[in-house]
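# Reading the structure
Here is how the chains run, residue by residue.
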Amino acid sequence: MQSYTVQVHLYGSVAVVTLCATQTRPGGAACLERLARVLAGIGPGVASLVLDLDCAPYPAPADALAEVDRWAAGRSITVVALAPAHRPTGTHQPGPPALRVLPAGSAPGDVPAPPESDAAPLRRLRRLLGTRVLVHRAAGIRRARHQAHPCS
């Protein structure tokens, strides 16, 4: 089972949760419990989450990703994942930040969409712009951490 440590850093309304691969701690349920505790400790002032998987076990633990998805959906928080782009040679380099989940209730097939109101297009535009800003913030966080990643 893959083992990882979990760290959280707050940057205003953005929480950065970092998974770092480790060989020294037990994996499996213990790692997932630590992740759940970290997520539960993130306060209500957080509007978005950057999930830093640059140094996580590869492939990223599916149970950890599912836990983050459940937590974010329950709070209607947008998540952007930073994950390396692995090459067939076994090397990796940072991949582009990717939107990880949609807010609760907006996943396809969840609930029939309510009728469009005059404000709906404006809300969608704000959501799209907010998501783009978060993706750019995630890229900036990655660049800032380049020489001093918390897993190092």
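In this numbering scheme, every chain counts its residues from 1 along its sequence in written order. Since the coordinates come from a predicted model, pLDDT governs what is reported: local features require at least 70, and pairs of side-chain atoms require 80 or more to be given and counted, while whole-chain, interface and lining totals use all residues. Processing note: side-chain calculations cover all non-hydrogen atoms of the structure and skip hydrogens and water entirely.

Moving on: the overall build of the chain. Check the secondary structure of the chain and you find 3 helices and 7 strands. When its helices and strands are written in sequence order, the chain yields β-β-α-β-α-β-β-β-β-α. For every residue, the accessible area obtained with a 1.4 Å probe (protein chains only) is divided by the maximum for its type, and the residue is called buried under 20%, exposed over 50%, and partly exposed between those limits. Counting the 152 residues in the chain, one finds 36% classified as buried. Whether two residues are in contact is decided by their heavy atoms, any of which lying within 4.5 Å being enough. Of the contacts made within the chain by residues no fewer than 6 positions apart, 67% connect residues no fewer than 24 positions apart. Helix numbers and strand numbers start at the N terminus; a helix is a DSSP run of H or I with at least 4 residues, a strand a run of E with at least 2.

Before going further, it helps to spend a moment on the nonpolar core. Taken as a class, soluble globular proteins show a tendency for nonpolar side chains to be buried jointly. The criterion is simple. A nonpolar core is a set of buried Ala, Val, Leu, Ile, Met, Phe, Trp, Tyr and Cys residues joined through side-chain atoms within 4.5 Å. By size, the foremost hydrophobic cluster in this structure holds 23 residues, and its most contacted members are Val 17, Leu 19, Leu 35, Leu 39, Ile 42, Leu 49 and Leu 51. Those elements that provide at least two residues to this core are strand E1 (4-11), strand E2 (14-21), helix H1 (29-40), strand E3 (48-52), helix H2 (62-75) and strand E4 (78-82). The greatest single-element share of this core, amounting to 5 residues, is contributed by H2. Apart from residues lying up to four places away in sequence, Leu 19 is in contact with Tyr 4, Thr 5, Val 6, Leu 35, Asp 52, Leu 53, Cys 55, Ala 56, Ala 64 and Cys 151. Val 16, Leu 82, Leu 134 and Ile 141 belong to the second largest nonpolar core, which has 8 residues in total.

Note on strand geometry: in a regular strand, side chains alternate between the two faces of the sheet. For E3, a buried count of 5 out of 5 residues is recorded, marking the element as mostly surrounded by other parts of the structure. Residue alternation in E3 divides its side chains into two sets, Ser 48, Val 50 and Asp 52 and Leu 49 and Leu 51, and both sets are buried. If DSSP finds at least two bridges between two strands, the strands pair. Alignment of E2 against E3, held across 5 bridges, turns out to be parallel. Paired with Val 14 across the bridge in E3 is Ser 48. Of the strand pairs in this sheet, E3 and E4 are connected by 5 bridges, and their pairing is parallel.

Our next topic: the side chain of Glu 67. Along the chain, the position of Glu 67 falls in helix H2. Dropping the residues within four chain positions of it, Glu 67 is found in contact with Leu 32, Leu 35, Ala 36 and Leu 39.

In this section: the pairing of E4. Counting buried residues in E4 gives 5 out of 5 residues, a clear majority hidden from the surface. A two-sided burial pattern is seen for E4, the buried positions comprising Thr 78, Val 80 and Leu 82 on one face and Val 79 and Ala 81 on the other. Here the term right-handed applies to a crossover when the path leading from its first strand over the helix to its second strand runs clockwise, the strands being oriented away from the viewer. Taken together, E3, H2 and E4 form a β-α-β motif whose crossover is right-handed.

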